[in-house]
Structures are given as structure tokens and as C-alpha cells.
Amino acid sequence: MDSLLIFGNLLNTTLVFSTALIFAALGGLFSERSGIVNIGIEGLMVFGAFAAAIGTHYAEEAGMGGASPWVGLITAVVVGVLGSLIHAVATITFKADQTISGVVINFLATGITLYLVKLLFDGAGETPLLLHRLAKLNFPDFASIPVIGPILGTGILNSYPTTFIAIILVFVTYYVLNKTTFGLRLRSVGEHPSAADTMGINVNRMRYIGVMLSGALAGLGGATITLTTTGLFSHTTVSGQGFIAIAALIFGKWNPLGIMGAALFFGFSQAIRNYVQLFEWSASIPQDFILMLPYVLTVIVLVVAIGKSRAPAALGEAYDPGKR
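Remember, predicted model here, so these are calculated numbers, not experimental data.

The rules behind each value
- Residues numbered from 1 in each chain as written.
- Predicted model: local features only at pLDDT ≥ 70, side-chain atom pairs only at ≥ 80, totals over all residues.
- Heavy atoms only, no water.
- UniProt positions renumbered as here; feature names shortened; annotations may be inferred.
- Helix = DSSP H or I, 4+ residues; strand = E, 2+ residues; numbered from the N terminus.
- Axes fitted to C-alpha atoms, helices over the stretch in contact; angles between N-to-C directions.
- Parallel < 35°, antiparallel > 145°, perpendicular 65-115°, else oblique.
- Contact = heavy atoms within 4.5 Å.
- Salt bridge = Lys/Arg side-chain N within 4 Å of Asp/Glu carboxyl O.
- Buried < 20%, exposed > 50% of the residue type's maximum accessible area, 1.4 Å probe, protein only.
- Phe/Tyr/Trp six-rings, centres within 6.5 Å; stacked < 30°, edge-to-face > 60°.
- Left-handed = near helix turned anticlockwise from the far one by under 90°.
- Nonpolar A, V, L, I, M, F, W, Y, C, P; charged D, E, K, R; others polar.
- Expected span 1.5 Å × (residues − 1).
- Polar contact = N/O pair within 3.5 Å; in protein donor to acceptor, adjacent residues only side chain to side chain.
- Patch = residues over 30% accessible without salt bridge, like charges linked within 9 Å, V, L, I, M, F, W, Y side chains within 5 Å.
- Areas by Shrake-Rupley, 256 points an atom, 1.4 Å probe, with all protein chains shown as cover.
- Core = buried A, V, L, I, M, F, W, Y, C linked by side-chain atoms within 4.5 Å.

**Student:** Can you help me understand the UniProt feature "transmembrane region" (unreviewed entry) in the protein chain in this one?
**Tutor:** Here, the residues flagged by UniProt with the feature "transmembrane region" (unreviewed entry) are residues 6-29, 36-58, 70-90, 102-121, 159-177, 208-230, 242-268 and 289-307. In residues 36-58, helix accounts for 78% and strand for 0%; the two terminal C-alpha atoms are 35 Å from one another. Between the first and last C-alpha atoms of residues 70-90 the distance is 31 Å; the span itself is 100% helix and 0% strand.

**Student:** In this structure, what is going on with the packing of helix α7 (residues 161-179) against helix α12 (residues 256-276)? I would like to understand it.
**Tutor:** Helix packing geometry: the angle between the two helix axes and the distance between the axes. At their nearest, the axes of α7 and α12 sit 8 Å apart, and the two run at 155° to each other. One element, α7, and the other, α12, form an angle in the roughly antiparallel class. Note on element contacts: α12 touches α7 through Pro256, Leu257 and Met260, opposite Ile167, Val170, Phe171, Thr173, Tyr174 and Leu177.

**Student:** Looking at this model, I keep getting lost on the pattern of salt bridges. Mind explaining?
**Tutor:** Close approach of charged atoms allows side chains of opposite charge to pair. In total, this model carries 2 salt bridges according to the counting rule given. Of the charged contacts, one joins Glu191 and Arg310 as a salt bridge, the two residues approaching to 3.0 Å between their closest N and O atoms. A residue pair is termed long-range when its members are at least 10 positions apart, and Glu191 in helix α8 (residues 181-191) and Arg310 in the segment after α14 (293-305) qualify at 119 residues. A relative accessible area of 57% means that Arg310 is categorised as exposed. Bridged by salt links that share partners, the residues Arg33, Glu191 and Arg310 form one connected network.

**Student:** Can you walk me through the packing of aromatic side chains in this structure?
**Tutor:** For any two aromatic rings, the description comes down to two numbers: the centre-to-centre distance and the angle of the planes. A full pass over the atoms with the stated rule returns 4 aromatic pairs. Relative to Phe265, the ring of Phe251 has its centre 6.2 Å away and its plane inclined at 65°; by these criteria the two rings are edge-to-face. With Phe251 in helix α11 (residues 241-251) and Phe265 in helix α12, this pair connects stretches of sequence that are 14 residues apart.

**Student:** How do you make sense of the environment of Val301 when you look at a structure like this?
**Tutor:** Mapping Val301 onto the fold places it in helix α14. The buried category is assigned to Val301, whose relative accessible area is 8%. The sequence separation of Val301 and Gln287 amounts to 14 residues, and the corresponding C-alpha distance is 22 Å.

**Student:** Any chance you could explain the packing of helix α2 (residues 41-61) against helix α10 (residues 203-230) here in plain terms?
**Tutor:** Orientation of α2 relative to α10, taken along the N-to-C sense of each, is 55°, at an axis distance of 6 Å. On the basis of their axis angle, the class for α2 and α10 is oblique. In the packing of α2 onto α10, the handedness of the crossing is right-handed. Listed contacts from α10 to Ile41, Leu44, Met45, Gly48, Ala49, Ala52, Ala53 and Thr56 of α2 are Ser214, Gly215, Ala218, Gly219, Gly221, Gly222, Ala223, Ile225, Thr226 and Leu227. Its residues assigned to classes, the contact of α2 with α10 shows 10 nonpolar, 8 polar and no charged.

**Student:** When you look at unusual backbone geometry in this model, what are you seeing that I'm missing?
**Tutor:** What is expected of a backbone is that most residues other than glycine have negative phi and most peptide bonds are trans. The backbone of Asp122 sits at a positive phi, close to 55°, despite the residue not being glycine. Mapped onto the elements, Asp122 comes out in the loop between α4 (98-120) and α5 (140-143). Residue Asp122 is classed as exposed on the basis of its relative accessible area, which comes to 79%.

**Student:** Please clarify how α10 should be interpreted in this entry.
**Tutor:** Taking 1.5 Å per residue, 28 residues should reach 40 Å; α10 reaches 40 Å between its end C-alpha atoms and fits that length. Regarding α10, its N-cap is Asn202, as a side-chain oxygen of that residue lies 3.3 Å from the backbone nitrogen of Asn204 further along. Gly231 sits one or two residues past α10 and shows a positive phi near 80°.

**Student:** What is the right way to read a nonpolar patch on the surface from this model?
**Tutor:** Judged by side-chain polarity, Ile285, Phe289, Met292, Tyr295, Val296, Val299, Ile300, Val303 and Val304 come together as a nonpolar surface patch covering roughly 790 Å² of accessible area. With 6 residues, α14 is the largest single contributor of residues to the nonpolar patch.

**Student:** Whenever I open this one, the nonpolar core confuses me. Can you help?
**Tutor:** Generally speaking, a soluble globular protein has its nonpolar side chains buried in company with each other. In terms of nonpolar packing, the biggest core is built from 62 residues, with Ile22, Leu29, Ile41, Met45, Phe233 and Phe266 touching the most fellow members. Ranked by residue count, the leading element in this core is α2, at 11 residues. For Leu29, the contacting residues outside a window of four places in its chain are Thr173, Leu177, Leu249, Trp254, Asn255, Pro256 and Ile259.

**Student:** Is there a simple way to think about the environment of Thr228 in this case?
**Tutor:** Inspection of the secondary structure assignment puts Thr228 in helix α10. Measuring from C-alpha to C-alpha, the distance between Thr228 and Pro69 comes to 9.6 Å, with 159 residues separating the pair along the chain. For Thr228, the residues in contact, after removing those within four places along its chain, are Arg133, Leu134, Tyr160 and Thr162. Of note is the side chain of Thr228, whose polar atom sits 2.5 Å from the backbone oxygen of Thr224. Polar contacts involving the side chain of Thr228 include one to the side chain of Thr229, which spans 3.3 Å.

Next comes the structure, spelled out in C-alpha cells:
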């Protein structure tokens, strides 16, 4: 039973780390399915993590109590959208290089948020620790079920509400992209924008929507880290999760279900490092090697998957109606 309990806890920790990756990777999916490369997912997550901490903090000061984290989530979505508009205007309206624009977003987010934290909190390098965070949902009845109880009650069901929202969004995204007119139009401007334009689809408008959705979801991913894991915002809160989300997007072959599987894999790679240290043989492994495990796996997966994944045909190409 102890082994089942450990497995349940490992599964639970995997879901905690995977949730932010699912949100961010789904955000990247909407942007890149529309034809816009979004390397700025990391920066948008930073904006979201910062906004969640600020929104929650001031909601607490306003006496909103347990509702404060939800205010933080909404704030993160709004700020994520606003941040993504910088990328959208640069790449869609002014046809700037999409990769460079994304890199600028990453640097901009880090600099602006750190400056604002110091400005708002008397030179501190991080926001105050939040009094209210998202609480895990608890289903004690499931924990008493023989054999599978620890896996369900301790693992899958004992999760934050954002985890359930992320999983639901995976299936909603799959349906929207594959079964709705909006999804067909979004995919068409990422594959054959000239043909889509000929059919009366406003290419630039669809791409703006795709990038803005990426900002909303990436912001939600950053907020998830703040409101479930760290409890505050600092310059190390996101720590490369946006780049891992991009890896999950590629490894998942721009498919929502594949993205969820890839995010769970990367979440597991982050969770396992916490449990490796419980074994005596891990004492001979330098701590730095254990901490770098998720990032090493990210690089390996990208090397293996990059040649086998098919990106949208017009990804990274600015659309010029005059060249049809």
C-alpha cells in the first residue's frame, strides 16, 4: 500500500507540474495553428505569473478573502492578452520577424515585471507571500477504495481546480479546432492563407485572435504556477516553463491530445526529481544533475521529435495579399 501511496503522490505532483505546461502549450497551439510562431510563450507566462500575484495581493487587501486567487487568474488572462498584442501588432500588422519578436517579448516581460515588483514593494525582489492560493479539491471517499484508492484519492482527484480546467480545455480545444467553423478557418490561415483569403476569410483578423488566445492561455499557465506552487512572484517563478511548453507543442505534433501527453511527460520529469532524492543511491548523484533533468529531457525530445513533426505549412510566414 505504501508503494501505491507513493505512486499516487508522484502522479499528483506530475499533474501539478503539467497543468501550467498544458495551458501554455495550448496557447502556443492557437498561435501557431494560425501561422504565427510564438517563441514569446515564456514571456507571456511571466506576465501571467506577475499579474496573478498582483491581482491576488490587492484583492486580499480589498478584503475579498478566498475569492482573491480567482481575481488573480482573471487578471493574468487580461494581462496575457495585452502582452500578446505586442507580438500580434509587430508580426501581423508590421510583418516583423516572428522569432525575434517572441524573443523581445521574453526579455520585455522579465524586465518590466521585475521593475514593477521593485516599484510596488519598496525595492523588494519578489511580491509578498500570498495569504490565499487555490486549494486542492478533496474527494476523501475515493481514497478508501481498495487498491486504486491511493491512486485516485491521493493522485488524480486530489488536484487543483486549474488541473481539471486544463484537462477540459484540451478536449474543448480539440473539438473547436477540428469540428467548428472557427477552427477550420484558424487552421486554414496557418496552412494556406492565400486560399483562405480567396474564400473571404480575414487572415489578419484570424491570426490576431490566435495570438490573443495564446496570450490568454499562457497567462493562465503562469498564474497557475504562482497560485498553486510558489505563492508569490519573482524573476525565477517561471524558470523556463514556457520553453518546455513549446517543446510539448512540437512533441505533441500541434495536436491538443498529443500536447497533453507531452506535457504530462515533462511534468513527470519534473516530479520524479523530487522522489529520486528519497532513495539512498541518489546521494551519489550531484544535486545539479537531478535539477537539470527536465531541461535535458526537453532538449533530447526536441532533437528526436523536431524532424518527425509537421508544423503548419505557413508557420512563420507573414501574409502579404499582394503576393497571392
